[in-house]
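If you want the building blocks of each chain, they are given just below.
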Amino acid sequence: MAEPVLQLNNLSVSFDTSSGEVEAVRDISLSLNKGEILAVVGESGCGKTVMSQSVLKLLPKTSRIKQGRIIVDGEDITDYTEKQMRRLRGSVLSMVFQDPMTTLNPTIPIGKQITESISKHTRVSREQARQRALEMLNLVGIENPEQMFALQPHFFSGGMRQRCVLAIALASNPKVLFADEATTALDVTVQAKIIDLLLDIRDKSGISIVFISHDFGTVARIADRVAVMYAGKIVEIGTAEEVYYDPRHPYVWGLMSALPSLTKEGEDLTSISGMPPVMLNPPLGDAFAVRNEFALAIDYEEMPPMFQISPTHSAATWLLDERAPKITSPISLQRRTEV
Amino acid sequence: MNRKATISKKLIKRILGFILTIFILSVGVFYIARLAPGDPLQSYYGDAVESMTTAELDAARVRLGLDGPIYLQYSKWISNVLQGDFGLSLKYKTPALEVVSPLIGNTLLLGGTAYILVFVLATLLALFCARNEDTLVDRIICKVGTAAYYIPPFWLGVVLVLIFSINLQWLPSSGAYDIGKSGDILNRIQHMILPLVVMILSHLWYYAYMIRNKLLDEIRKDYVLLAKSKGCNKDEIVFKHCFRNVAPTIVSIMAISIPHVLSGTYIAESVFNYPGIGALAVVSAKYHDYNLLMLVVLITGILVVSTSMIAQSINEVIDPRMKLKEVPTCRIIESSSS
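This is a predicted model, so every value here is computed, not measured.

1. Examining the overall build of chain A
Alright, step 1. Secondary structure summary: chain A contains eleven helices and twelve strands in total.
Alright, step 2. Taken against the 2.2 N^0.38 rule, which gives 20 Å for 339 residues, the C-alpha radius of gyration of chain A at 21 Å falls within 12% of a compact globule.
Alright, step 3. With respect to the principal axes defined by its C-alpha atoms, chain A has extents near 65 × 50 × 45 Å.
Alright, step 4. Buried residues in chain A amount to 46% of all 339 residues.
Alright, step 5. Within chain A, contacts between residues separated by at least 24 positions form 65% of all contacts whose residues are at least 6 apart in sequence.

Now the structure itself:
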C-alpha cells in the first residue's frame, strides 16, 4: 500500500498567551492518502484551522508545536525551518481560505497573482507562466481567461474569486490542499459548484484534500473520510459512510440530531446544550463530558482513548469500553439509518 | 468619447473647486489679518507715524487702500489681483511680488528637498520596521524615533548651530548662500544641511510611524496568508504585496502633509535666517504687511490645494477603486458557471 501523503502523529499545538497556555490542538493523529478527501468537522474554535495552519506553519509566533510529528510525503517536516517550509508551501502543501473577498490581494491583477505562485517553484519563462496561469483559470472554470488575466479582484464576484484562489493554490501542482471553510462564505448554489469543482480537480490530478467545514451537509457531498473534532481533539474518525450512518461518539450523535433534515415537521430543532470549553486549562477527562447526557463517571477523570470500531473507524468515548453500559444512538438517528 | 467627456467634466469640477477654495481662503485671511490689532501704518512710516496728524494718517490710509469697510477693501484688492497687481509691500515699500519672487525659489528648494527626503526616508524606515516587526531593532527605532520627534525644532536648530557652526565651524549658521555664490550648488547645499536635519528629524518619525502601522495592518490581512501559503517570503510579502496596498495611503499622507512640511520649512527658515517666503510670512504678519501676507498666503494656498488634487489623481491611477463617484461601468457580470 502506498505511503500516505500526509500524516499527523500525536500532534499538539499550543498558544502561549499572557493568561496562560491555550491548548488549541491536542494529540491529533490522522493520515491522508493520495487522492483522498478528508473532511474535518467541528464547531468554531475546536482547532480545525489551527491544525491545518500548523501543517503549513502559518501560525503566529505565539504558537508552538508541543509534541507530535508532521510527515508529508514520507518526510518529517516538524522541525523544518521557515526557508524549507517556503519551498513546500504552494508546491507540496497549499491552502484555500474562507473569505474569497479578502484573500486576494486587491491591487494585483489576478493573472499576476497566479503566475507568482508558479514562478516561485518552477523555472519558467514569463510566457510559460502566463500560459500555465491561463490553463489554471480554465481549469477552475473562469470563462474568457485571457480577458480576466489582467483584472484586479474587485471585478470578480465571490464565487469567481474563490475559483481564482483555487487557481493560485493549485498552480504549482501541490500534493495536499487544505480547504479551510472554502465554501462557507459562498451562497448555496455557488457552494455546490465549488464542491463539484474540487471533486473534479481531485479526479483529474489525484490531489489529496483536507476539507475543513462545520457543515455536515456540505461534507456529505465531498468527503471520503470524516474526522470530527471537539476541543482540539479528534473524537471520531472514519469513512463518510461509517460516521454518517454509524456514529459512535455522543458528540457526533448530538451534531447529527441537530441536522434540520432529520427533524420531523412540527418538532423543535434539537441542539447540544452548553458551550464548548475554553481551551485555556482544558478540563480533565473528556472535554465533552459536561454536555454529554450519557457521560460516565470516568469521563470526568480520564481522557478516553481512541477505540477501534473497524479498521477505518474509531472514536474516543468511554461508551465503547467493554465495561461501559450499552447505549445505542438516539432514536432520531436510527430513524434515518432505517430509511 | 464618453470617457473623454467624463474626464473633462471631472477636470472642470476640480478647477472650480480649486478656485472656490482659494477664494474662501483669501477672504478668511483678509478678514482675520485686518481684524487683528495693530496698525499697518506703523510699519510703513516707522516711528515717523508718531508725529503725523490725524488728517495725514487718514490721507495715507486712503492712498494705501486701508480705508473703508473690509469687504470694500477686499473687492478692491481682488480686482487688482485679477489684473496681476498684488499691491505694495508696506514694510519694504516695493511691489509685493518683487519682494516674494526671489525668495520662492529658496523656499521651494529647501521645502521640496526636505519633503522628498522625509518621505523617502520615512517609507524606507517604515518598510524596514514592518519587515522586522517586533524585533529588537524595530523596538529601538520606535523608541528613538519617538524621542527624536518630540525634540522642539527651534531648540534643535539652535543646538545644531552651536555645535556645527560655532564650535566646529563646519557649516554656515544662516542664509541660503554666501554673498556672490547664489549659483554655487555646493555652497547652497552647505547652507541647507542644518535646516534639512532639523526638518527631517522633526517630521520623519511622525510619517514613518504612520506608514509602519499601515503596513502592519496590511500584514495582518488575509491575502498575506494566501501569499505565504503559495510560498512567498517575508520580503516579497512586505515589499511586493503589502507595500502596493499602502502606496495609495502614502500618496494621500504626502498630499495632506504638505502644509505640515511647509510650516516646518517656515520654522526652519526663521531659525536659520534662511531667506524664504516662510520667514517672510512671519515678518509680514508681524508688521501687518497685508499685501505681502496675502500674497504669501495665496502662494501657500495654491501650493497646498493643487498638490492635494494631484495626489488624488495619482491615487486613482494606483488604485482604481478610489475613483470618486464613478458609475460602475465594467463590473463583469458573474460568469454563468459560478
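2. Focus: the interface of chain B and chain A
Alright, step 1. Residue-level contacts link 23 residues of chain B with 34 residues of chain A.
Alright, step 2. Those elements giving two or more residues to the side of chain B that touches chain A turn out to be α9 (222-229) and α10 (234-271) of chain B.
Alright, step 3. Of all the elements, α9 of chain B adds the most residues to the side of chain B that touches chain A, at seven residues.
Alright, step 4. Residue classes in the side of chain B that touches chain A are distributed as six nonpolar, eight polar and nine charged.

3. Focus: the environment of Y92 of chain B
Alright, step 1. Of note, Y92 of chain B is situated in the loop between α4 (70-82) and α5 (96-131).
Alright, step 2. Distance in space between the C-alpha atoms of Y92 of chain B and S284 of chain B is 9.8 Å, their sequence separation being 192 residues.

4. Focus on α4 of chain B
Alright, step 1. With 13 residues, α4 of chain B should reach 18 Å at 1.5 Å per residue; the first-to-last C-alpha distance of 18 Å fits that figure.
Alright, step 2. Just downstream of α4 of chain B, G84 of chain B is the residue with a positive phi angle, here 90 degrees.

5. What to know about unusual backbone geometry
Alright, step 1. Positive phi values are uncommon outside glycine, yet N10 of chain A reaches one of about 50 degrees.
Alright, step 2. Owing to 12 C-beta atoms within 10 Å, N10 of chain A belongs among the exposed residues under this scheme.
Alright, step 3. The backbone of H288 of chain B sits at a positive phi, close to 55 degrees, despite the residue not being glycine.
Alright, step 4. With respect to the helices and strands, the residue H288 of chain B is situated in the loop between α11 (277-286) and α12 (290-318).
Alright, step 5. Here H288 of chain B falls in the buried class, since 22 other C-beta atoms lie within 10 Å of it.

6. Things to note about the domain arrangement of chain A
Residue and element names in this part refer to chain A.
Alright, step 1. Segmentation of chain A into domains returns domain 1 (6-223) and domain 2 (230-338).
Alright, step 2. Averaged C-alpha coordinates put domain 1 and domain 2 at centres separated by 29 Å.
Alright, step 3. Of the residues lining the interface, 18 residues belong to domain 1; the matching set on domain 2 comes to 15 residues.
Alright, step 4. The biggest single contributor to the side of domain 1 that touches domain 2 is strand β2 (residues 20-32), with nine residues.
Alright, step 5. Each residue belonging to the side of domain 1 that touches domain 2 can be placed in one class, and the counts come to nine nonpolar, five polar and four charged.

7. Quick look at the nonpolar core
Alright, step 1. Counting residues in each nonpolar core, the largest one holds 154 residues, and the members touching the most others are A39, A167, A179, V210, F211, V228 and V235 of chain A.
Alright, step 2. Considering every element that reaches this core, the biggest residue donor is α10 of chain B, with 15 residues.
Alright, step 3. When residues are assigned to domains, this core turns out to be shared by domain 1 (6-223) and domain 2 (230-338) of chain A, each giving three or more.

Conventions used here
Residues numbered from 1 in each chain as written. Chains lettered and ligands numbered in written order. Predicted model: local features only at pLDDT ≥ 70, side-chain atom pairs only at ≥ 80, totals over all residues. Helix = DSSP H or I, 4+ residues; strand = E, 2+ residues; numbered from the N terminus. Rg over C-alpha atoms; globule rule 2.2 N^0.38 Å. Buried ≥ 20, exposed ≤ 12 C-beta atoms within 10 Å, placed from the backbone. Contact = placed C-beta atoms within 7 Å. Nonpolar A, V, L, I, M, F, W, Y, C, P; charged D, E, K, R; others polar. Expected span 1.5 Å × (residues − 1). Domains from an automatic or database assignment. Core = buried A, V, L, I, M, F, W, Y, C linked by C-beta atoms within 7 Å.

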